[in-house]
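Descriptive structure summary
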Amino acid sequence: MPYNTKLAIPIVVVAIVSIIVIVSFYSYTMMSQFYSQPSIMMGEEQGKLTIDDSLKAAQDYIEYSGVPNLAVAEIMEFSNHFYIDVYEEDTGIHAFELIIEKDGDVYPEHGPNMMWNTKYGHHRGGMMEAYPESAEMLIDEDSSITYAQNYLDEYMPGAKATEPHRFYGYYTLHVEKDGNIIGMLSVDGFSGDVWYHNWHGDFVQILELEHH
Amino acid sequence: MAKEKPTTAYILSLIAGILMLLGGGMGTYSGMMGGRSMMGGYNMMGPSMMGYPSWGFGMGFGVFGLIFGIVVIFGAIMLDSKPKEHKTWGTIILVFSILSILGGMGGFGIGAILGIIGGALAISWSPK
């Protein structure tokens, strides 16, 4: 056998150990950077955020993103966290939704914001480019209310869908009962599917900032 | 009589380089597409959420993978054509196979492992 295995095996072992060290160091460095990003950890103080603090955190996040013409449309405080609706000032179309935890963590909202948002979400342009990166949808605002109301009539009798906000690929609406906001849901602008936001908890208060 | 060559080391290194090229190519393509589809979850909190293609990040990794793959393939070819320099080319194959973990996903992991074995065999080759 023309190979000296007594030399080859230690080389392989050292190489594999090197890989483990490199990957461990790299992972540690990446995680450190990730958690030190100002947009991810806005909680300068460990105390609970107020709704004004959440507005500042959202504005910092938008500024940090570097995307121009974005502003906060509304903030809804729920028992679990703050919900932030960000819109495009130049088009008036709602861009994306954020969640700010009460300890200051800021991150894009999961659910429709990730899966249905054709411009800012995970499926930008849609799966296999099926949907355009525009706010033009098959379902209009009035129809989105109809789809949402049909859902509520079946699963939350007495609740009412109001204020559809047009995002890229979907609408997000308030859910009200007896004139009070109790939650939110989204309607897919192409299929009419309804996705109830069951992760917010109980509604506390709302701060509306968008000027139509 | 045919010249003796480190054939096993050459073949393993060549396969490793090809796998690294494939991994690097996929990484580059994914980076150009904004990390969509191939690098799925990576985007959820990342640049594409904000409407930016993640060129700098995903594409940079892919390009490194391509470069490492090319170097490993070149090392394998040189190993085959100049077997007397087996320690030099074996070391190059070994080092770039280790580094390929940081770019192009190490040829899907398998590429890096084959490259390491190929490099080690090239270094330890002792013609009769």
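The rules we used
- Residues numbered from 1 in each chain as written.
- Chains lettered and ligands numbered in written order.
- Predicted model: local features only at pLDDT ≥ 70, side-chain atom pairs only at ≥ 80, totals over all residues.
- Helix = DSSP H or I, 4+ residues; strand = E, 2+ residues; numbered from the N terminus.
- Buried ≥ 20, exposed ≤ 12 C-beta atoms within 10 Å, placed from the backbone.
- Contact = placed C-beta atoms within 7 Å.
- Pairing = 2+ DSSP bridges.
- Axes fitted to C-alpha atoms, helices over the stretch in contact; angles between N-to-C directions.
- Parallel < 35°, antiparallel > 145°, perpendicular 65-115°, else oblique.
- Left-handed = near helix turned anticlockwise from the far one by under 90°.
- Nonpolar A, V, L, I, M, F, W, Y, C, P; charged D, E, K, R; others polar.
- Expected span 1.5 Å × (residues − 1).
- Arc of directions from axis to C-beta.

Notes on the overall build of chain A
Scanning chain A from N- to C-terminus turns up four helices and nine strands. Taken over 212 residues, chain A has a buried fraction of 36%. Partitioning the intrachain contacts of chain A with sequence separation of at least 6 by distance along the chain shows that 47% fall at a separation of at least 24.

Description of the sheet that holds strand E6 (residues 170-177) of chain A
Residue and element names in this part refer to chain A. Here we have four strands laid out as an open sheet, ordered E5-E6-E7-E8, and antiparallel in their pairing. Edge positions in the open sheet fall to strand E5 (160-166) and strand E8 (194-196), since each of these has one partner strand only. Between one strand axis and the next, the sheet turns through 30° on average, direction left out of account. Summarising the sheet, E5 and E6 pair through five bridges and their orientation is antiparallel. When the sheet's bridge partners are listed, Thr 162 is paired in E6 with His 174. The strands touched by helix H4 (residues 141-155) within the sheet are E5, E6, strand E7 (180-188) and E8, with E5 carrying the most contacts at an inclination of about 140°.

Re the packing of helix H3 (residues 86-99) of chain B against helix H5 (residues 110-124) of chain B
Residue and element names in this part refer to chain B. In contact at an axis separation of 7 Å, H3 and H5 are set at 160° when each is read in the N-to-C sense. Taken together, H3 and H5 sit at an angle that is classed as roughly antiparallel. Of the two possible hands of crossing, H3 and H5 adopt the one that is left-handed. Within the contact between the two elements, H3 uses His 86, Lys 87, Trp 89, Gly 90, Thr 91, Ile 93, Leu 94, Ser 97 and Ile 98 and H5 uses Ala 112, Gly 115, Ile 116, Gly 118, Gly 119, Ala 120, Ala 122 and Ile 123. Among the residues forming the contact of H3 with H5, the class breakdown is nine nonpolar, seven polar and one charged.

A look at H3 of chain B
Taking 1.5 Å of rise per residue, 14 residues should cover 20 Å, and H3 of chain B covers 20 Å from first to last C-alpha, within 8% of that figure. Taken together, the buried positions of H3 of chain B are His 86, Trp 89, Gly 90, Ile 92, Ile 93, Leu 94, Phe 96, Ser 97, Ile 98 and Leu 99 of chain B.

Here we look at unusual backbone geometry
For Glu 163 of chain A, which is not glycine, the phi torsion reads 45° and is therefore positive. Considering the arrangement of structural elements, one finds Glu 163 of chain A in strand E5. Look at Glu 163 of chain A and you get partly exposed, because 16 C-beta atoms sit within 10 Å. The backbone of Phe 108 of chain B shows a phi angle near 65°, a positive value even though the residue is not glycine. Here Phe 108 of chain B shows up in helix H4 (residues 105-108).

Quick look at helix H2 (residues 51-65) of chain A
Residue and element names in this part refer to chain A. With 15 residues, H2 ought to run about 21 Å at 1.5 Å a step, and its terminal C-alpha atoms sit 21 Å apart, in line with that. Those residues of H2 not exposed but buried are Ser 54, Ala 57, Ala 58, Tyr 61 and Ile 62. Angular distribution of buried residues about the axis of H2 spans 140°; they occupy a single face of the element. Facing away from the buried side of H2, by more than 90 degrees, are the exposed residues Asp 52 and Glu 63. Residues of H2 that are buried make contact with strand E1 (70-78), strand E2 (81-88), strand E3 (94-101) and strand E4 (106-108).

Side note on the sheet that holds E1 of chain A
In a beta sheet, neighbouring strands pair by backbone hydrogen bonds and run either parallel or antiparallel. Residues and elements named next belong to chain A. Here we have five strands laid out as an open sheet, ordered E4-E3-E2-E1-E9, and antiparallel in their pairing. The strands lining the two open edges of the sheet, one partner per strand, are E4 and strand E9 (203-208). Neighbour-to-neighbour, the strand axes of the sheet open up by a mean angle of 25°, direction not taken into account. Judged from the seven bridges that link them, E2 and E3 form a sheet pairing that is antiparallel. Opposite Ile 84, over in E3, you have Leu 98 as the bridge partner. In the packing of H2 onto the sheet, the strands contacted are E1, E2, E3, E4 and E9, and the crossing angle to E1 comes to about 145°.

Let's talk about the environment of Ile 145 of chain A
Residues and elements named next belong to chain A. Its location among the elements puts Ile 145 in helix H4. Residue classification places Ile 145 among the partly exposed residues on the basis of 18 C-beta atoms within 10 Å. Separated by 41 residues in the primary sequence, Ile 145 and Ser 186 place their C-alpha atoms 9.9 Å from one another. Apart from the residues within four sequence positions on either side, Ile 145 is in contact with Ala 161, Pro 164 and Leu 173.

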